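# Structural overview
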Amino acid sequence: MKRLGLMLSLIAAGCGGPDLAPPAADSAQIVVALSASARDGVARPRSGGMDNYGGGSEAKGRQFSRVNYDDLADIVVYLEGDGLGDAGPAPRSLRLEISEDGADHRQLLLAPSGLTSLTIANRASGPRSVFAMGNQDGFDVTLAPGEESRVTLKVPGTYELACDEDAGLAVTIIVAPTTWAQIGEAGDDVAFDRVPPGPVEIVVVAPRLPRWSRRVTAAAGRRESVTAEVGVNSMTRAK
Amino acid sequence: MRLLPASLTLAAAGLSTAAAVWGPLPRHAGPPPPVLHEIAETGSVSGRVTFAATRPRQPIIIYLERQGGELDAPRPAALVIRQKGASFTPSFAVLVAGQEVVFENDEDRDIDHNVYTLGSEERDFGIFSPGKSVRHTFSEPGEFSLYCSIHKLMDGKLFVAPSRAWSEVAQDGTFAIRDIPPGSYTLKTYQKARRFRDAAQPVAVSAGKESTVTVELAR
């Protein structure tokens, strides 16, 4: 299946890093280690990240590309809880470029209440109708080649972005319930600093994978560290 | 994936009137079985969907939810979803609640696949080597995304309708659902690529009649 190419530029402010100063006396830190792993029992590919297929010539098709769990990107991490406020590090602007050079499943993170402005640019050779619709919010833009449009989504939730010209477009937009949200990659420690004390739900959503969550209590002057298991190994298995 | 036409169902049940049988099919042709679960003349629902913008190219489904309980009807035969070429085939299908799916690895090379679903039911169906398959009955209505945890471009989607009372909307916006027992229903929409708010509106089905409705899909 042909897929539209997507290039994503992220302009994010205030992302926390793993080298944190000690937590302040009046707030908490939360550090989420993103531990991604392949399903139990799956052998590594023989070579090149693909399964060989197609006969003696060992021809390879793009459709046989395998998930590299050491290199998973676009993993959304957000905090949910009363009293968090809107001082979190979620991006305030994003840019999504649609082209024709092929891409994997992408996942975008937006802050709630329209705080993130998403610019969609059409870099394909023909017009593109791009839309996303949830229960209470959505957008629908048709772009000529070279044209771009700025959209916002106010209501938290998960939106599947679709393109009328290509059913293979695979982009999920997550509007986090709070501004305490960041994008990370497998192996990252995603850190939130100056988190208001109180009960917090940590949610991790990786593209194509089940969400992971953990409830913690953010305590003033303390760092709460958790490991999020990203993958399918915790799913209910059919008998 | 659809039921047998009503005429075939009637023939099997040995009935001579314009009626459909809702309940288990008899095991053999011949005299009518002593108990039929429900016999009723049926009606139909047809109409047209109007769109606030260009009609999306991806599938749109119209389905009915029965007020007071879903239809007691035979389920369609199992749907086979193949995996050759690291692609789910079909990549999109409409099922009926209670229908079985067979996930079959039909690769002709030594390529394993995994199948798991996200959505209304989240479940990992295991790893299959070529020639292996697994069966699963989807009991709950809703949308399910299919993925393989091994191959990153291998995905699909299932929509499980509450009953066999569903129809795909044609390119010209028309639809028709036939052979529905009389009663009160809610007509709903499902869009594989959601471009509009989904519609939900009441519709009454009367025996021997066709209810005509217009469904507006808007943002």
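Just so you know, these numbers come straight off a predicted model, no measurement behind them.

What follows is about the overall build of chain A. Counting secondary structure elements, chain A contains zero helices and 16 strands. Residue burial in chain A is summarised as follows: out of 239 residues, 51% are buried. A sequence separation of at least 24 residues applies to 69% of the contacts in chain A between residues at least 6 apart. Counting every atom, chain A has about 10,600 Å² of accessible surface; 47% of that belongs to carbon and sulfur.

Now for the confidence of the model for chain B. All names here are of chain B. Taken over all residues, the pLDDT of chain B has a mean of 84, while the share at 70 or more is 81%. This model gives residues 1-39 a pLDDT under 50, and the stretch forms 59 contacts once residues within four places in sequence are excluded. Taken over the whole predicted complex, pTM reads 0.84, whereas the ipTM for its chain interfaces reads 0.86.

Here we come to the domain arrangement of chain B. All names here are of chain B. Its domain assignment divides chain B into domain 1 (40-72 + 164-218) and domain 2 (74-162). Taken over C-alpha atoms, the centre of domain 1 sits 26 Å from the centre of domain 2. Where domain 1 abuts domain 2, roughly 1,000 Å² becomes buried across the two surfaces, and 73% of that area is made up of carbon and sulfur atoms. Contact with domain 2 buries surface across domain 1, with W166, Y190 and K192 losing the most and accounting together for 49% of the total. Taken together, the connections running from domain 1 to domain 2 amount to zero salt bridges. The interface formed by domain 1 and domain 2 holds one residue pair in polar contact (both at pLDDT 80 or more) in total.

A separate point is the packing of aromatic side chains. Think of a pair of aromatic rings as described by two things: how far the centres are apart, and how the planes are tilted against each other in angle. Residues and elements named next belong to chain B. Within the structure shown, the criterion is met by seven aromatic pairs over all chains. Their ring planes at 55° and their centres at 5.2 Å tell us that Y63 and F159 sit as a pair that is tilted. Of this pair, Y63 sits in strand β4 (residues 60-66) while F159 sits in strand β12 (residues 155-161), placing them 96 residues apart in sequence. Like Y63, the residue F159 is buried in the burial classification. Ring plane angle 10° and centroid distance 4.2 Å describe the contact between F159 and Y190, whose orientation is recorded as stacked.

So, about the interface of chain A and chain B. Contacts between the two partners involve 43 residues from chain A and, on the opposite side, 37 residues from chain B. In this structure, the connection of chain A to chain B is made through five salt bridges. Ionic pairing is found between A:R39 and B:D124, a salt bridge with its closest N-O pair at 2.6 Å. Scanning the region where chain A abuts chain B turns up 16 residue pairs in polar contact (both at pLDDT 80 or more). Residue assignment for the side of chain A that touches chain B shows that the elements contributing at least two residues are β7 (128-133), β8 (138-143) and β10 (157-163) of chain A. The element contributing the most residues to the side of chain A that touches chain B is β7(A), with four residues. Residue composition of the side of chain A that touches chain B, by class: 17 nonpolar, twelve polar and 14 charged.

This part takes up unusual backbone geometry. Most peptide bonds are trans, and most residues other than glycine sit at a negative phi. Between B:T89 and B:P90 the backbone carries a cis peptide bond, its omega angle lying at 0°. Looking at the element boundaries, B:P90 is found in the loop between β5 (79-82) and β6 (92-96). Within the chain, A:S113 stands out as a residue other than glycine whose phi angle is a positive 60°. Its location among the elements puts A:S113 in the loop between β5 (106-110) and β6 (117-122).

Attention now moves to the nonpolar core. Soluble, globular proteins show a tendency: their nonpolar side chains are buried together. Ranked by size, the top nonpolar core spans 33 residues in total, and within it A:I30, A:V32, A:L72, A:L79, A:V195, A:I202 and A:V204 carry the most contacts. Those elements giving two or more residues to this core turn out to be β2 (28-36), β3 (75-80), β13 (189-195), β14 (198-205), β15 (212-218) and β16 (223-230) of chain A together with β8 (113-119) of chain B. Looking at which element gives the most residues to this core, the answer is β2(A), with five residues. Not counting chain neighbours up to four residues away, the residues in contact with A:V32 comprise A:V77, A:D188, A:D189, A:V190, A:I202, A:V204, A:V226 and A:A228. By size, the runner-up hydrophobic cluster in this structure holds 23 residues, among which are B:A86, B:F88, B:I111 and B:M154.

All names here are of chain B. Strands sit in the order β13-β4-β15-β16 across an open sheet of four strands; the sheet is antiparallel. Two strands close off the open sheet at either side, each with one partner strand: β13 (166-168) and β16 (200-205). Each adjacent strand pair in this sheet contributes to an overall mean axis angle of 25°, direction not counted. Here three bridges tie β4 to β13, and the two strands are oriented antiparallel to one another. Pairing of Y63 across the sheet is with W166, part of β13.

Residues and elements named next belong to chain A. Pairing analysis gives two bridges linking β7 to β10, with the strands arranged antiparallel. Opposite V130, over in β10, you have C163 as the bridge partner. Bridge analysis of β10 against strand β11 (residues 166-175) gives six bridges, and the strand direction is antiparallel. Considered in β11, the bridge of G157 is made with V175. In this structure, the hairpin formed by β10 and β11 is closed by a connection of two residues.

Residue and element names in this part refer to chain A. Where like charges cluster on the molecular surface, the negative patch consists of D71, E185, D188 and D189. Looking at the element boundaries, D189 is found in strand β13. By relative accessible area, D189 is classed as partly exposed at 38%.

Conventions used here
Residues numbered from 1 in each chain as written. Chains lettered and ligands numbered in written order. Predicted model: local features only at pLDDT ≥ 70, side-chain atom pairs only at ≥ 80, totals over all residues. Heavy atoms only, no water. Helix = DSSP H or I, 4+ residues; strand = E, 2+ residues; numbered from the N terminus. Buried < 20%, exposed > 50% of the residue type's maximum accessible area, 1.4 Å probe, protein only. Contact = heavy atoms within 4.5 Å. Areas by Shrake-Rupley, 256 points an atom, 1.4 Å probe, with all protein chains shown as cover. pLDDT = per-residue confidence, 0-100. Domains from an automatic or database assignment. Buried area = accessible area lost by both parts, 1.4 Å probe. Salt bridge = Lys/Arg side-chain N within 4 Å of Asp/Glu carboxyl O. Polar contact = N/O pair within 3.5 Å; in protein donor to acceptor, adjacent residues only side chain to side chain. Phe/Tyr/Trp six-rings, centres within 6.5 Å; stacked < 30°, edge-to-face > 60°. Nonpolar A, V, L, I, M, F, W, Y, C, P; charged D, E, K, R; others polar. Core = buried A, V, L, I, M, F, W, Y, C linked by side-chain atoms within 4.5 Å. Pairing = 2+ DSSP bridges. Axes fitted to C-alpha atoms, helices over the stretch in contact; angles between N-to-C directions. Patch = residues over 30% accessible without salt bridge, like charges linked within 9 Å, V, L, I, M, F, W, Y side chains within 5 Å. Lys, Arg positive; Asp, Glu negative; His and termini not counted. Charge placed at Lys NZ, Arg CZ, Asp CG, Glu CD.

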